Amino acid sequence: MKFEDLFLEIGGFGRFQILILFILCLPRINLPMHFLLHNFLAATPSHHCAIPHQEAFVNLTMEEVLLISIPREPDGTFRSCEMFSQPQFHLLFNSSLQPENSSNIQHCQHGWVYDHSQFTSTISTQWDLVCEQRGLNQATATFFFIGVTMGAVVFGYLSDRFGRKAMLLLSLVCSIIFGMLSAASVSYSMLAITRTLTGVALSGVSLIVLPLGMEWVDIQHRTFTGILTSIFWSIGNMLLAMVAYLVREWHWLLVAVTGPCLLSIVCLWWVPESARWLIANGKVKQAHRHLLRCARMNGKKDFAVSPEALRRMATDKKPGESYSYISLFRTPVLRKISLCSGAVWFGVAFSYYGMSMNLTGFGLNMYLSQFVFGVIEIPAKVIMYFLVNRVGRRQSQAWALILTGLCIGANVIIPKPFTSLRSVIAIMGKGFSEAAFTTVFLYTSELYPTVLRQNGMGYTSFVARLGGALAPLVFLLDEVWRSLPEVTYCGVAVCCGSVAFLLPETLNVRLPEGIEDIE
């Protein structure tokens, strides 16, 4: 008897599973509020060099002081990172005569003045992470994703070793602790460290929620489960736009997006450990208790499977045998799956975060962009629900990622003045990008056997977070060539999407329990 056969006895998708999925979706809402927080936490408002007061400026307006103190760009705006070494009073009479001698121009000497009309404060304005320090500002997101990368390895292993629920609880508690410490940061170094640790903690939530839900539902409802939990990510996306719009001060913004983890911890009380994991690890009595509760809640009062029958179902692991990340590469079919799925995950995350962290590049208000990007994800997920069941996981995964790359590439060619067309293409690209992300979570959890599922998810999540960590740094390539970041995102998405064609199809296939089922 396989575990899938038990669903005939306990109900594969009833009140029990709906309750679990609803509770597990609460922390899922919280994830994008941290993963995409960099857009608002580290936003850089318009700024210019601070001008020290001089007696000669007494009768001048602020506009005139700026005119004689700061050089202008060709479009007439004041430069953000440079000032004149001496006031250029002649510009008061003819402001079009910009000095040709660059020796009069120097970097800001007295700090910066920021436009606070949109943000009360961000980490950019707090620690002057602009101009020469711009790289540190982008690195804040990279530090967070490095933490998520490390967390993927740690929690992938621990949740296979000690159980899904215990590690999910641990990751939520750590998320609150480090999230609040981030909000209390008094230096950039403290923020970088606490955001990295927050990333480690939240990685556990990201990694465990979907497999824990999937392991409690039958084959027919696996796709629905994956899409449902993914839709709550999009809801979190939209809520982030609303919270960031209402809270313009970065300390309180961190508090606002971390607080909901408390609710998730309270609700987790009603979520049982994965019965699949318990049986695979020989904890048969506990599994039987949870299965009995599931059957009663689903109205299946004739559940009669004994603990002895469950013990016989346990995956026949040799005494003392344990599985690790190395197990993912020991056998030929599993090795191919691991290499190809790793490449796909890298491309999915790299292009997704590349688009998500470029809110101002498509001609829309950043709050509106964040909200619209969240809204467009929902129809993309609904379409994928039907596609993955009709054309299969492999084709859906490959084409969603390839089309994401083509949309990013199209915006390289479309001229900047065509803002409406660029916005439409960007929104379509975001939809394809989210479709690829939705599919890859579902697809990967079906590719790996139960004994290695969390290790597999941990490994692929590790590779994805490497993509997420590199994505914000790629924006710095615009100093080499303005369009180089977009060309990079496009190329990676198309190449990694093509790799998905090498993976096996999992549509309507039983979840594998052991490595022998894969091979």
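Residues numbered from 1 in each chain as written. Predicted model: local features only at pLDDT ≥ 70, side-chain atom pairs only at ≥ 80, totals over all residues. Heavy atoms only, no water.

Description of the UniProt feature "transmembrane region" (unreviewed entry) in the chain
Filter applied, for reference: UniProt positions are given in the numbering used here, feature names are shortened, and annotations may be inferred rather than shown by experiment. The helix count covers DSSP runs of H or I at least four residues long, the strand count covers runs of E at least two residues long, and both are numbered beginning at the N terminus.
The positions UniProt marks with the feature "transmembrane region" (unreviewed entry) are residues 139-159, 166-186, 192-212, 224-246, 252-271, 337-355, 367-387 and 399-418. In the segment residues 166-186, helix accounts for 86% and strand for 0%; the C-alpha atoms at its two ends are 32 Å apart. A distance of 27 Å separates the end C-alpha atoms of residues 399-418, which is 75% helix and 0% strand.

Let's talk about the packing of helix 2 (residues 15-35) against helix 8 (residues 188-214)
Put simply, the test is: For helices, the axis comes from a line fit to the C-alpha atoms of the stretch in contact; other axes are also lines fit to C-alpha atoms, and the angle between any two N-to-C directions lies between 0 and 180 degrees. Take the far helix as the reference: if the near one is turned anticlockwise from it by less than a right angle, the crossing is left-handed, and if turned clockwise, right-handed. In what follows, a contact means two residues having at least one pair of non-hydrogen atoms within 4.5 Å. The nonpolar class holds Ala, Val, Leu, Ile, Met, Phe, Trp, Tyr, Cys and Pro. Asp, Glu, Lys and Arg form the charged class, and all remaining residues, Gly among them, are polar.
The geometry of helix 2 relative to helix 8 is characterised by a closest axis approach of 10 Å and an angle of 145° between their N-to-C directions. Our pair here, helix 2 against helix 8, has a crossing hand that is left-handed. Residues L21, L24, P27, R28, L31, H34 and F35 of helix 2 form the contact with helix 8, whose participating residues are R195, T198, L202, V205, S206, V209, L212 and G213. When grouped by side-chain class, the residues that make up the contact of helix 2 with helix 8 number 9 nonpolar, 4 polar and 2 charged.

Here we look at the environment of S187
Stated formally: Three exposure classes are used, based on accessible area relative to the maximum for each residue type with a 1.4 Å probe and protein chains only: buried under 20%, partly exposed in between, and exposed over 50%. Pairs of N or O atoms within 3.5 Å make up the polar contacts considered here, provided that, within protein, one atom can donate a hydrogen while the other can accept it, and that residues adjacent in sequence are counted only when both atoms are side-chain atoms.
Within the element layout of this structure, S187 appears in the loop between helix 7 (164-183) and helix 8. On the basis of relative accessibility, which here comes to 28%, the residue S187 falls in the partly exposed class. Reaching out from S187, the side chain makes a polar contact with the backbone nitrogen of M190 at a distance of 3.2 Å.

Brief notes about the pattern of salt bridges
Under the convention used in this document: Just to be clear on terms, a salt bridge is a Lys or Arg side-chain nitrogen sitting within 4 Å of an Asp or Glu carboxyl oxygen.
Applying the stated rule across the entire model yields 9 salt bridges. Here R134 and E479 are joined by a salt bridge, their closest N and O atoms 3.2 Å apart. A residue pair is termed long-range when its members are at least 10 positions apart, and R134 in helix 6 (residues 134-162) and E479 in the loop between helix 19 (453-474) and helix 20 (484-499) qualify at 345 residues. Taking relative accessible area as the criterion, R134 reaches 27% and is therefore assigned partly exposed.

Concerning the state of the cysteines
We count it as follows: What counts as a disulfide here is a pair of cysteine sulfur atoms lying within 2.5 Å.
One pass over the structure, following the stated rule, counts 2 disulfides. One disulfide in the model links C49 with C108; its S-S distance is 1.8 Å. Looking down the S-S bond of the C49 and C108 bridge, the torsion is -65°, so its handedness is left-handed. Of this pair, C49 sits in strand 1 (residues 47-49) while C108 sits in the loop between strand 3 (105-107) and strand 4 (112-114); the two residues are 59 residues apart in sequence, bridging distant segments of the chain.

Considering the packing of aromatic side chains
Aromatic ring pairs are reported here in terms of the distance separating the ring centres and the angle at which the planes meet. The criterion, for reference: Under the pairing criterion, centres of Phe, Tyr and Trp rings, with the six-membered ring standing for Trp, must be within 6.5 Å; the plane angle then separates stacked pairs below 30 degrees from edge-to-face pairs above 60, leaving the rest tilted.
Summed over the entire model, instances satisfying the criterion amount to 26 aromatic pairs. An angle of 55° between the planes, with centres 5.4 Å apart, marks the rings of W127 and W250 as tilted. Here W250 lies in helix 10 (residues 250-258) and W127 lies in helix 5 (residues 123-127), a separation of 123 residues in the sequence. The residues W127 and W250 share a single accessibility class, namely buried. Arranged with centres 5.6 Å apart and planes meeting at 15°, the rings of F346 and F350 form a pair that is stacked.

Some words on a nonpolar patch on the surface
The test is simple: Residues enter patches when they are more than 30% accessible in relative terms and free of salt bridges; like-charged ones are connected within 9 Å and nonpolar ones (Val, Leu, Ile, Met, Phe, Trp, Tyr) within 5 Å. For every accessible area listed, the method is Shrake-Rupley and the probe measures 1.4 Å; residues are considered covered only by the protein chains on display.
There is a patch of nonpolar side chains on the surface, built from V153, V154, F462 and L466 and spanning about 270 Å² of accessible area. Elements that contribute at least two residues to the nonpolar patch include exactly helix 6 and helix 19. Note that V153 resides in helix 6.

Details of unusual backbone geometry
With a phi close to 50°, D128 is a non-glycine residue in the positive phi region. Assessed through its relative accessible area of 27%, D128 is described here as partly exposed. Positive phi, normally seen in glycine, also occurs at C131, with a value near 55°. With relative accessibility at 16%, the residue C131 sits in the buried group.

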